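Chain by chain, the residues run as shown.
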Amino acid sequence: MPMFDIPESAHELRQFDALVEALPDGILRDGCTVPVGVMLAPLTVGEENPILAVARDETEVRRLKRDVQYVSSVVKSSDDSIVCTTLNGKIVSWNSAAERLFGYTEAEALGEHIMLLFPKDRRKECIEYLDKIEHGERLKRYDSKRLRKDGSEFDVSVMVSPIEDDGGKLLGVSSITRDRTERVRVNVSLQLAKEVAEMASRAKSEFLTNMGHELRTPLNGIIGFAEVLLDSPLAEDHREEL
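This structure is a prediction, so every number in the text was calculated from the model and none was measured.

> Break down the overall build of the chain for me, citing the residues and quoting the values.
When you go through the chain residue by residue, the secondary structure sums to seven helices and nine strands. Counting contacts in the chain only where the partners sit at least 6 residues apart, residues at least 24 apart contribute 33% of the total.

Put into structure tokens, the structure is as follows:
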């Protein structure tokens, strides 16, 4: 279906005072229909007022538009923060998860440099990964820290990837960021619990060692005294008791 009604006469067309483009379906000679882009323009040839019509097959264009819409929908609905930048680090795409994670709205983030999200002591990292991507290096997911709008730092897991066209030309950089705050807290708690358990185990071992030593000391004396008595002349009933 056309996006708007195509003018039916040269007079009506001239009211647009510009090229007019519509996207109807075209019918091929074999009866098949294809999406086409039709561009109309008024011409002046002597006393005639012809209309120039140029049609082009829009099949691939529409397919690409559907693919872009699909990818855009996936990015927007993702639970992970997905931020796309130019090769210079300018933010050009910012999904809702990024808004929740960093605190900046899409309007606030677009056009800003990605360095906005890095603590001062991590900004060298930003420059390094942009340079590596530009030189064709593939980066693995790594752990780092990022900065929220309120100035607070938090632990993250980051995957940085190149954005390329069908021909492999580098267009920009995509970074997928996950909050690791809770995972780090749990790991710290587990490490602390492990250290406490190890301390308790060492204390138990030391206690048992000391107790064994304390018990052996008086027992050695008692055993020695008993041996002395046994070597002495004793009545038979006393000897049996020892």
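Now that the structure has been shown, we can carry on.
> Tell me about the packing of aromatic side chains, residues and numbers included.
Under the definition given, this model contains three aromatic pairs. Taken together, the aromatic side chains of Trp94, Phe102 and Phe154 make up a single cluster linked through ring pairs. The ring of Phe118 is capped by Arg146, whose NZ or CZ atom sits 3.9 Å from the centre of that ring. One cation-aromatic arrangement involves Arg148 over Phe154; the distance from NZ or CZ to the ring centre is 3.8 Å.

> How would you explain the nonpolar core if you had to name every residue and give the values?
Core analysis: the largest hydrophobic core is formed by 22 residues, its most contacted members being Trp94, Phe102, Ile114, Leu117, Tyr129 and Val160. Among the elements of the structure, strand 6 (91-94), helix 3 (96-102), helix 5 (123-134) and strand 8 (153-164) are those that each provide at least two residues to this core. For Ile114, the contacting residues outside a window of four places in its chain are Val83, Thr85, Gly89, Ile91, Cys126 and Tyr129.

> Can you lay out the pairing of strand 6 for me, pointing to particular residues and giving the numbers?
Sheet topology note: the strand 5 (residues 81-85)/strand 6 ladder contains three bridges and is antiparallel. Paired with Val83 across the bridge in strand 6 is Trp94.

> Tell me what's going on with the sheet that holds strand 8, and back it up with residues and numbers.
Spatially, five strands are ordered 6-5-9-8-7 in an open sheet, and the strand pairing comes out antiparallel. This sheet does not close on itself; its edge strands, each paired only once, are strand 6 and strand 7 (142-147). In this sheet, adjacent strand axes meet at a mean angle of 35 degrees when their direction is disregarded. As judged from the six bridges shared by strand 7 and strand 8, these two strands associate in the antiparallel manner. Residue Asp143 lies in a different strand from strand 8, and its bridge partner there is Ser157.

> Could you give me a rundown of the pattern of salt bridges, with the residues and numbers involved?
Oppositely charged side chains are able to pair whenever their charged atoms sit close together. Inspection of every chain in the model, using the stated rule, returns eight salt bridges. Notably, a salt bridge pairs Asp80 with Arg178, separated by 3.1 Å at the nearest N-O pair. In this pair, Asp80 sits in the loop between helix 2 (59-77) and strand 5 while Arg178 sits in strand 9 (residues 170-179), placing the two residues 98 residues apart along the sequence. A relative accessible area of 40% means that Arg178 is categorised as partly exposed. Asp143 serves as the salt-bridge partner of Arg180, at 3.4 Å between the closest nitrogen and oxygen.

> Account for a negative patch on the surface, with residues named and values stated.
Together, Glu128, Asp131, Glu134 and Glu137 make up a region of like negative charge exposed at the surface. Along the chain, Glu134 falls in helix 5.

> Which residues make up the pairing of strand 9, and what are the values?
Taken together, the five bridges between strand 5 and strand 9 define a ladder with antiparallel strand orientation. By the bridge assignment, Ile82 is partnered in strand 9 with Ile176. As judged from the nine bridges shared by strand 8 and strand 9, these two strands associate in the antiparallel manner. If you follow Ser157 over to strand 9, its bridge partner there is Arg178.

> Quick one: what's the story with helix 5, residue by residue and with numbers?
Between its terminal C-alpha atoms helix 5 stretches 17 Å, which fits the 16 Å expected from twelve residues at 1.5 Å a residue. Where helix 5 is concerned, the buried positions are Glu125, Cys126, Tyr129, Leu130 and Ile133. Looking straight down helix 5, one finds its buried side chains confined to an arc of 130 degrees; they lie on one side. What points out from helix 5, more than 90 degrees from its buried face, is the exposed set Lys124 and Ile127.

> A description of the confidence of the model for the chain should follow, citing residues and the corresponding values.
Residues with a pLDDT of 70 or more make up 55% of the chain, whose mean pLDDT is 75. Under a pLDDT of 50 for its full length, residues 1-22 has, in the predicted model, 42 contacts with residues more than four places off or in other chains.

Conventions we followed
Residues numbered from 1 in each chain as written. Predicted model: local features only at pLDDT ≥ 70, side-chain atom pairs only at ≥ 80, totals over all residues. Heavy atoms only, no water. Helix = DSSP H or I, 4+ residues; strand = E, 2+ residues; numbered from the N terminus. Contact = heavy atoms within 4.5 Å. Phe/Tyr/Trp six-rings, centres within 6.5 Å; stacked < 30°, edge-to-face > 60°. Lys NZ or Arg CZ within 6 Å of the ring centre and 35° of its normal. Core = buried A, V, L, I, M, F, W, Y, C linked by side-chain atoms within 4.5 Å. Buried < 20%, exposed > 50% of the residue type's maximum accessible area, 1.4 Å probe, protein only. Pairing = 2+ DSSP bridges. Axes fitted to C-alpha atoms, helices over the stretch in contact; angles between N-to-C directions. Salt bridge = Lys/Arg side-chain N within 4 Å of Asp/Glu carboxyl O. Patch = residues over 30% accessible without salt bridge, like charges linked within 9 Å, V, L, I, M, F, W, Y side chains within 5 Å. Areas by Shrake-Rupley, 256 points an atom, 1.4 Å probe, with all protein chains shown as cover. Lys, Arg positive; Asp, Glu negative; His and termini not counted. Charge placed at Lys NZ, Arg CZ, Asp CG, Glu CD. Expected span 1.5 Å × (residues − 1). Arc of directions from axis to C-beta. pLDDT = per-residue confidence, 0-100.

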